[in-house]
Amino acid sequence: MPKNLVIVESPAKAKTIEKFLGKDYKVMSSYGHIRDLKKKDFSIDVDHNYNPIYEIPTDKKELVKELKSEAKKAEMVWLASDEDREGEAIAWHLYEVLGLTAEKSKRIVFHEITKNAILHAIETPRSIDLNRVDAQQARRVLDRIVGFELSPVLWKKIKPALSAGRVQSVAVRLIVEREKEIKKFVSEEYYRVTGSFKKAGVAKAIKADLNHRLTNKAAANAFLEDCKSSEFTVTDLTTKPVTKTPAAPFTTSTLQQEASRKLGFTVSQTMMVAQRLYESGFITYMRTDSVNLSTFAQNAIQKEVTERLGEKYYKHRNYHTSSKGAQEAHEAIRPTYIENHSIEGTAQEKKLYDLIWKRTIATQMADAILEKTTVEISNDKRNEKFVATGEVIKFDGFLNVYIESNDEEADNESSSDMLPAIAVGDKLTANNIEAVQRFTQCPPRFTEAMLVKRLEELGIGRPSTYAPTISTIQNRDYVEKGEKEGVKRDYCVLTLKSGDIKETIKTETTGGEKGKLIPTDVGIVVNDFLLEYFPGIMDYNFTAKVEGKFDLIAEGQEEWTKEIGEFYQMFHPEVEKISNLRLEHKVGERVLGKDPKTGKEVSVKIGRFGPLVQLGSTDSEEKPQFASLMKGQSVNDITLEEALKLFELPRTVGEYEGKDVIAAIGRFGPYIKHDGKFVSIPKDNSAQAITLEEAIELIQKKAEAEKKKLVKKFDEDADLEILNGPYGVYISYKKKNYKIPKGTNAEELSLEDCKKIIEEAPKTAKRTTRRTKKA
């Protein structure tokens, strides 16, 4: 029987660690937290020093029983949860719940899952850091206070089932404020001028940009007219060396940003894949704000670079963390074994590992040396100058391995053109000069990566909170990933060639966006309400200051209950005051005017199921009518005319197979209803415009798809069906799905065969899924 019990957070991690330890060690997983604050209760005793009231969730009780049993048998229990505050709290909860003693338990931490790291951790154990535990408890308790106190106010003043959170509400504020900036933005036209010039006897042309924007078409025309008879001369030429330095090793934030730009990963996707890489022993711990590399890693990189590329490519570098409140982890994210250029795994794991490997190698490589040439071209009729730049890489250095992306032009790895041999005083001829009508652009909406960057800059949140925050605001429908379709726009191009100016009108699609974060109507209304009545909670400085307080608690410099007490005594009376405040209108409600036909008031507001238009008043005897807003419409800018059109629905489009075909709009958009069945109307059509022929085509297509879906049904048990799905044939029974064993002919299955498959289906699948979540 093993003398030692090692408890880690995840089963994948347990499996990897078990390979490194001998038969005297048994490794088990806690599947994240084994206890937490009660889900539906406040669970904080405000009368007794804000004591948290913890419970063991139902789905963890059996696991806790197993852990207790194994802990009693073991001579020593090693608490090996992650080294951040959350991991420290998990170790403390295990210590308390399992009834461990200091003599019979040890806390071990490691930054990577390698044999050396695990054995070193066992040789150098420590006790549980209660200051870190207190910092985690402070965060958990404060977030529970804010959530439980504010959410009922939102239910009362806006609509049921809303929620507020200390970090999530501030993240929504950033997105809403950006959206308001975009709405207020007024685009202005300008003309961008570029020219192609040649020197006599030199084949290669010089492409140059005018150093001044021209304000309108008249100014552009005037400029080109002057250029017809101008003489162009090189009036300045400078050549200087440019040095490019590699970016620092990855932190959680920079990995999330770069994986978004280079690989198109979402923030949560990056963390999920990085977690798997860490648990498999491929990379170091992935929740960190440190850019430090261990001496071991630096030596391994030096060997890799010098052997592969030569001494001149290597340069020793030390990086220092500059982010606010950097804490916990001692090292940046890097491969555990530098000599492993690639790994076995899924396509996503391979891509993310490759990104981490290249970035890590580049951090210890020499600067790239470039030569940048700038040429100034003047004409004798105008003061504006044309400027051409060219770059030549003299020594690629770290660029041999890795090029960092940026938000403005993700994955742009191009450099300026090389320039032909020219000198000051050279006369040039213009091949052509082009003035293109352009328009100033509004501020960009946030991508997930851009939002992480901004939160980090403001000192809001920590490595462990970025991904959950971004997932939460989307799950709560405060923010959605935008798929904004672009609009076609004409623009003018004026071209001077061979002494003639030609005007061309071209068309472009502008304003199209994919994967950007856009606030919903609910998100905007909740944000505006919280900003008006709870400005302290929504203040960026307050949220960042709280993070600083958590850091002081983790360092043992502040008492956590004192900090929570001060906040609660200020916050709770404010919540009660606002909760009892009588408001003239429901928050977010806006009166649009009166219906010309009935004289009834038309208003727009947030209803139980989302934004809607109301015709009539709840105070009148006649019941008001309601209509949901269409996709793309907003409570903030919908007009009276647009609102009244929504009451034209539902409308009878016609008749098909003896039954009415009705067009309407529901929670999930426009649809057709026929014979008790519903069919969605595609984006390129609408409930108001769809014809009977188009509706019939949609009805027939859905009927055909449903025929293909149903493989077999049984009269003896209407709940049981054999269906065709995207992943193959399966059994559907009482809202649950069951796999059909490979090689089975589904059409030949009897009712008894199906029931047998259901009975033999694994019963533990649901439990496993729930356990892997980290509370």
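What comes next is a walk through the structure. The model shown is predicted, which means the values in this text are computed figures rather than measured ones. Here, residues in each chain are numbered from 1, in the same order as that chain's written sequence. Totals for whole chains, interfaces and linings use every residue, but because this is a predicted model, local features are given only for residues with pLDDT of at least 70 and side-chain atom pairs only at 80 or more, for both listing and counting. The side-chain figures draw on all heavy atoms in the structure; neither hydrogens nor water molecules are used.

### Considerations on the side chain of Asn379
Okay, so step 1: The way it works is that DSSP assigns letters per residue, a run of H or I at least four long becomes a helix, a run of E at least two long becomes a strand, and they are numbered from the N terminus. Tracing the sequence through the fold places Asn379 in strand β12 (residues 368–379).
Okay, so step 2: For each residue, the accessible area found with a 1.4 Å probe, counting protein chains only, is set against the maximum for its type, and the residue is called buried under 20%, exposed over 50%, and partly exposed in between. On the basis of relative accessibility, which here comes to 7%, the residue Asn379 falls in the buried class.
Okay, so step 3: As used in this structure description, the phrase polar contact means that two N or O atoms lie within 3.5 Å; if the pair is within protein, one of them must be able to donate a hydrogen and the other to accept it, and residues adjacent in sequence are counted only when both atoms belong to side chains. A polar atom in the side chain of Asn379 sits 2.7 Å from the backbone nitrogen of Arg382.
Okay, so step 4: The contact criterion used throughout is that any non-hydrogen atoms of two residues lie within 4.5 Å. Here Asn379 is in contact with Phe223, Cys227, Ser230, Glu231 and Phe232, once residues within four sequence places are set aside.

### Focus: the pairing of strand β28 (residues 720–725)
Okay, so step 1: At least two bridges found by DSSP between two strands is the condition for calling them paired. As defined by bridge partners, strand β27 (residues 710–713) adjoins β28 across 3 bridges and the pair is classed as antiparallel. When the sheet's bridge partners are listed, Leu710 is paired in β28 with Leu723.
Okay, so step 2: Counting the residues that bridge the hairpin from β27 to β28 gives 6 residues.
Okay, so step 3: Pairing of β28 with strand β29 (residues 728–733) involves 6 bridges; the strand directions are antiparallel. Directly across from Ile722, in β29, lies its bridge partner Ile731.
Okay, so step 4: Where β28 folds back on β29, the antiparallel hairpin that results is connected by 2 residues.

### Things to note about the pattern of salt bridges
Where charged atoms from two side chains of opposite charge approach closely, those side chains can pair.
Okay, so step 1: What makes a salt bridge here is a side-chain nitrogen of Lys or Arg within 4 Å of a carboxyl oxygen of Asp or Glu, nothing more. One pass over the full model with this rule turns up 49 salt bridges.
Okay, so step 2: A salt bridge links Asp36 to Arg140; the nearest nitrogen and oxygen atoms lie 3.1 Å apart. With Asp36 in strand β3 (residues 36–37) and Arg140 in helix α5 (residues 130–157), the pair connects residues that are 104 residues apart, well separated along the chain.
Okay, so step 3: Look at Asp36 and you get buried, because its relative accessible area is 16%.
Okay, so step 4: A salt bridge links Glu566 to Lys562, with the shortest nitrogen-to-oxygen separation between them at 3.6 Å. On the criterion of helical spacing, the pair formed by Glu566 and Lys562 is a turn pair, its members being 4 residues apart in helix α17 (residues 560–579).

### Things to note about the packing of helix α8 (residues 252–263) against helix α12 (residues 448–457)
Geometrically, a packed helix pair is captured by the angle between its two axes and the distance between the axes.
Okay, so step 1: Here α8 crosses α12 at 155 degrees, and the two axes come no closer than 8 Å. By the angle between their directions, the pair α8 and α12 is classed as roughly antiparallel. As α8 runs across α12, the sense of the crossing is left-handed. For the pair formed by α8 and α12, the contact residues are Ser253, Gln256, Gln257 and Ser260 on the first element and Ala449, Val452, Lys453 and Glu456 on the second.
Okay, so step 2: Of the residues in the contact of α8 with α12, the class split is 2 nonpolar, 4 polar and 2 charged. To get an axis, fit a line to the C-alpha atoms, keeping to the stretch in contact for a helix; angles then go from 0 to 180 degrees between the N-to-C directions. If an angle is under 35 degrees, it is roughly parallel; if it is over 145, roughly antiparallel; if it lies from 65 to 115, roughly perpendicular; otherwise it is oblique. Left-handed is the label given to a crossing in which the near helix is rotated counterclockwise from the far helix by less than a right angle, and right-handed is the label when the rotation is clockwise. For this classification, the nonpolar set comprises Ala, Val, Leu, Ile, Met, Phe, Trp, Tyr, Cys and Pro, the charged set comprises Asp, Glu, Lys and Arg, and every other residue, Gly included, is treated as polar.

### Examining the packing of aromatic side chains
Okay, so step 1: Between the rings of Phe, Tyr and Trp (Trp by its six-membered ring), a pair exists once the centres lie within 6.5 Å; its type follows the angle of the planes, with under 30 degrees stacked, over 60 edge-to-face, and the other angles tilted. Following the criterion strictly, the structure yields 16 aromatic pairs and no others.
Okay, so step 2: Here Phe232 and Phe386 contribute two aromatic rings whose centre-to-centre distance is 6.4 Å and whose plane-to-plane angle is 65 degrees, an arrangement assigned as edge-to-face. Taken together, the residues span a long stretch of sequence, with Phe232 in strand β11 (residues 232–244) and Phe386 in strand β13 (residues 386–395) at a distance of 154 residues.
Okay, so step 3: Ring plane angle 65 degrees and centroid distance 5.3 Å describe the contact between Tyr278 and Tyr285, whose orientation is recorded as edge-to-face.
Okay, so step 4: Residue class for Tyr278 comes out buried when judged on its relative accessible area of 1%.
Okay, so step 5: Look at Tyr285 and you get buried, because its relative accessible area is 1%.
Okay, so step 6: A network of ring pairs unites the aromatic residues Phe529, Tyr533, Phe534, Phe542, Phe567 and Phe571 as a single cluster.
Okay, so step 7: The rule for a charge over a ring is simple: NZ of Lys or CZ of Arg within 6 Å of the ring centre, and within 35 degrees of the ring normal. For Arg173, the ring lying beneath its charged end belongs to Tyr540, and the centroid distance is 4.2 Å.
Okay, so step 8: Lys262 extends its terminal NZ or CZ atom over the ring of Tyr402, reaching a point 5.3 Å from the ring centre.

### Observations regarding the pairing of strand β2 (residues 25–29)
Okay, so step 1: With 5 bridges connecting them, strand β1 (residues 4–8) and β2 associate as parallel partners. Looking at the pairing, Asn4 lines up with Tyr25 of β2.
Okay, so step 2: Note on the crossover from β1 through helix α1 (residues 11–20) to β2: the handedness is right-handed. Crossover handedness is defined by viewing with both strands directed away from the observer: a clockwise path from the first strand over the helix to the second marks the crossover as right-handed.

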